[in-house]
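Structural features, examined
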Amino acid sequence: MEMLIKNAVVVSPADNLNKKADILIKDGVIAKIGSDITSDGEVIDADGLCAVPGFVDMHVHLRDPGQTHKEDIITGCKAAAAGGVTSLLAMPNTNPTTDSPEVVRYILDKAKGADSRVYVAASVTKGLKSEEPTDIEAVKNAGAIALTDDGRPVENTKYLSDAIKKAPRLGMTVVAHCEDLFLADGGKINEGEVSEKLGVKGIPAGAEDCGTAREIALAAALNEPVHICHVSTKTSVALIRDAKRRGVKVTAETAPHYVSLTDRELLRGDADYRMNPPLRTQADVDEIINGLCDGTLDAIATDHAPHTPEEKADFVKAPNGSIGMETSFAVCNTYLVKTGKMTLSQLVEKMSVNPARILKINAGTLSVGANADVVLINPDEEWTVDVNKLHGKSKNTPFKGRTLTGKVKKTILGGKVVFED
C-alpha cells in the first residue's frame, strides 16, 4: 500500500512548496515529503516532472443521468483523470434534474470507484424552472455540496436569495450562472462585429453583466458568499473587482477558452466554438487574464459540456458547450504560464487550491495526511490535441488540432494510478 514518487519538483502553493523532493504515499494519503526517502513499495521516478495537487474542476457536466450517449459518470471521470482532474463538481442540468435525494445518491453511488472524486451540485429550483424551490436540506443530507441552476440562471430572485441564506449554515456553496435571459433573447454567439458578419443573432455582454450585478447585490445585501460561474466579460470582471474591494463575499471562476480564444473563431462556422457564455472579444480576453492575475477571479474551471458530433453538425441549431477537462491544464499553461503572465504555482492555486477552498472539500494540498491526489506534469512538453485520442465519449473541443505546451503524464487518485500518458 506504499508508493514513492522520487525526484519531482513539488509545486504545492497551499504548503509553500516549490522544490525538488520525494513524496511518500501510504494507504492513500500523503505520508511524508522530503529528501532521500526510501520505500519497499512502487517507486515512480519523476525526474524532470513537477508534482502538483490534483486539479479541482468546479464546473463539469457529466450528462448522467439522462444523456449518457454524450458522457456518463465513468467516462467523464476518465477524461478528468487524463487532464489531471482528481475532484470535480457535477452540474445539475441532468435528466431528471439533480433536484432530489434520489438523483444525488444515484450520482454518488455510480461514482464510487471512478477515476476522479465526484461532488454533486443540486439545483436551486425544481427542474431548473424557477417555479418551485428544491428541498435544500434533503439534497444536502443525500450528499450534495453546492447549489446552482447552471445551464440557466435562477430567474426567481427570492428562491436564489433563500438558497444564499441557507447554504452557509449547511456548509454548501452557491455557484451562480449569471445571465439575463431577456437580454440574451435566444442569441447564439457574442453580439458584435462577428455576429453581424455571420448574420447570426448575438448575445450582448450586458446579459452576463446584469446577472453578475444581481448576484453581487444579493451577496452584499445578505452578507453571505456567492460564487460566480464562467466569467467571460470585461465588465463582469470590473463588477467583481469592485465588489471584492467593498468586502462583498464574492468569488468567481473563468474557463480556459476565455483566456485563449475570441469570437473570431466563430468565423469558421464550427459549432464546437459555440458555448454559453459565448467567446467574446480580445478586450474581454485581456481583462479576464488581468482578473486572474490580480486575484479578482479566483478559479479556473472548464464548464466541460459534451455533445455528439451529430448535435454539433449544424452551426446555428447546435447546443452550446465544449469539452475541456483533458486540455485545461495545457491551455492555461500555454496561454498564462508560458507567456509569463503567471507562475506555475499561481496556476495551481487557480486550478486546485482555490476551487477546493471555495467548495470546502479536502483537496488542493500535498500536506501530510491529505488525500494522495497527485498529478505529475511536464510543463515544457508540446503536444497536439487529437480528438481521436481523447478519453471521454464526446469530442467537441475548440482546441482540436492545436499544439499546446504542458502535458499531464500521470494522475494518482488516493494513491492509485488512474491515468498514465
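Described in the following lines is the structure provided in the data block. (Residues numbered from 1 in each chain as written. Predicted model: local features only at pLDDT ≥ 70, side-chain atom pairs only at ≥ 80, totals over all residues. Heavy atoms only, no water.)

In this approach the atoms are scanned with a rolling probe the size of a water molecule, which exposes any empty space left behind. Volume-wise, the largest pocket comes out at about 630 Å³. Lining the largest pocket are 34 residues, with Asn93, Gly151, Arg152, Asn276 and Asn320 sitting closest to its centre. For the lining of the largest pocket, the residue count by class is nine nonpolar, 16 polar and nine charged. Within this model, the second largest pocket holds a volume of roughly 240 Å³. Along the walls of the second largest pocket sit 20 residues, with Glu326, Trp383, Lys389, Lys407 and Asp421 positioned nearest its centre. Going through the elements one at a time, α10 (328–337), β16 (374–384) and β17 (403–413) are the ones with two or more residues in the lining of the second largest pocket. Looking at the lining of the second largest pocket residue by residue, the classes come out as nine nonpolar, six polar and five charged. (1 Å grid on protein atoms, 1.4 Å probe; cavity = no way out; pocket = protein on both sides within 12 Å on 5 of 7 lines; lining within 4 Å. Points joined across faces, edges and corners; volume = space filled by probe spheres on them. Nonpolar A, V, L, I, M, F, W, Y, C, P; charged D, E, K, R; others polar. Helix = DSSP H or I, 4+ residues; strand = E, 2+ residues; numbered from the N terminus.)

Let us now look at the sheet that holds strand β9 (residues 146–147). Pairing within the open sheet is parallel, and its eight strands lie in the order β6-β7-β8-β9-β10-β13-β14-β15. Every interior strand has two partners, whereas the edge strands, β6 (55–60) and β15 (299–300), have only one. The strands touched by helix α11 (residues 344–359) are β6, β7 (85–90), β10 (173–176), β13 (226–228), β14 (250–254) and β15; relative to β6, the strand with the most contacts, the crossing angle is about 65 degrees. (Pairing = 2+ DSSP bridges. Contact = heavy atoms within 4.5 Å. Axes fitted to C-alpha atoms, helices over the stretch in contact; angles between N-to-C directions.)

Further remarks concern unusual backbone geometry. For the bond running from Asp64 to Pro65, omega is 15 degrees, close enough to zero to count as cis. Note that Pro65 resides in the loop between β6 and α1 (73–82). Phi is positive for Asp27, close to 50 degrees, though the residue is something other than glycine. By secondary structure assignment, the location of Asp27 is in the loop between β2 (17–26) and β3 (29–34). When its relative accessible area of 59% is taken as the criterion, Asp27 is described as exposed. For Arg63, which is not glycine, the phi torsion reads 65 degrees and is therefore positive. By secondary structure assignment, the location of Arg63 is in the loop between β6 and α1. (Buried < 20%, exposed > 50% of the residue type's maximum accessible area, 1.4 Å probe, protein only.)

Attention now moves to the nonpolar core. Leu88, Val118, Leu147, Leu336 and Leu347 are the most contacted members of the largest nonpolar core, which has 75 residues in total. Ignoring any residue separated from it by four or fewer positions in sequence, one finds Val118 in contact with Leu62, Ile73, Cys77, Leu88, Ala90, Ile107, Leu108 and Ala111. By size, the runner-up hydrophobic cluster in this structure holds 19 residues, among which are Ile189, Val200, Ala271 and Leu279. (Core = buried A, V, L, I, M, F, W, Y, C linked by side-chain atoms within 4.5 Å.)

The topology assignment puts Leu297 in the loop between α9 (282–293) and β15. As for Leu297 and Glu253, which are separated by 44 residues in sequence, their C-alpha atoms are 5.6 Å apart.

Glancing now at the packing of α10 against α11. Direction vectors running N to C along α10 and α11 enclose 135 degrees, while the axes themselves pass 11 Å from each other. As far as their axial angle goes, α11 and α10 are oblique. Classified by chirality, the crossing of α11 by α10 is right-handed. In contact with Ser328, Phe329, Cys332, Asn333, Leu336 and Val337 of α10, α11 contributes Leu344, Leu347 and Met351. (Parallel < 35°, antiparallel > 145°, perpendicular 65-115°, else oblique. Left-handed = near helix turned anticlockwise from the far one by under 90°.)

Once that is clear, we can look at α11. Across its 16 residues, α11 extends 22 Å between first and last C-alpha, which sits within 8% of the 22 Å expected from 1.5 Å per residue. The axis of α11 is deflected most strongly, by about 40 degrees, at Lys350. With 13 of 16 residues buried, α11 lies mostly within the body of the structure. Within two residues after α11, Lys360 carries a phi angle of roughly 60 degrees, on the positive side. (Expected span 1.5 Å × (residues − 1). Bend = angle between axes of the 7 residues up to and from the residue.)

In regular strands, side chains alternate between the two faces of the sheet. For β17, the buried fraction is high: nine of the eleven residues fall into the buried class. Both β16 and β17 contribute to a ladder of eight bridges, which runs antiparallel. Along β17, the bridge assignment pairs Val375 with Thr411. Examined bridge by bridge, β17 and strand β18 (residues 416–420) share four bridges and lie antiparallel to one another. Considered in β18, the bridge of Leu413 is made with Lys416.

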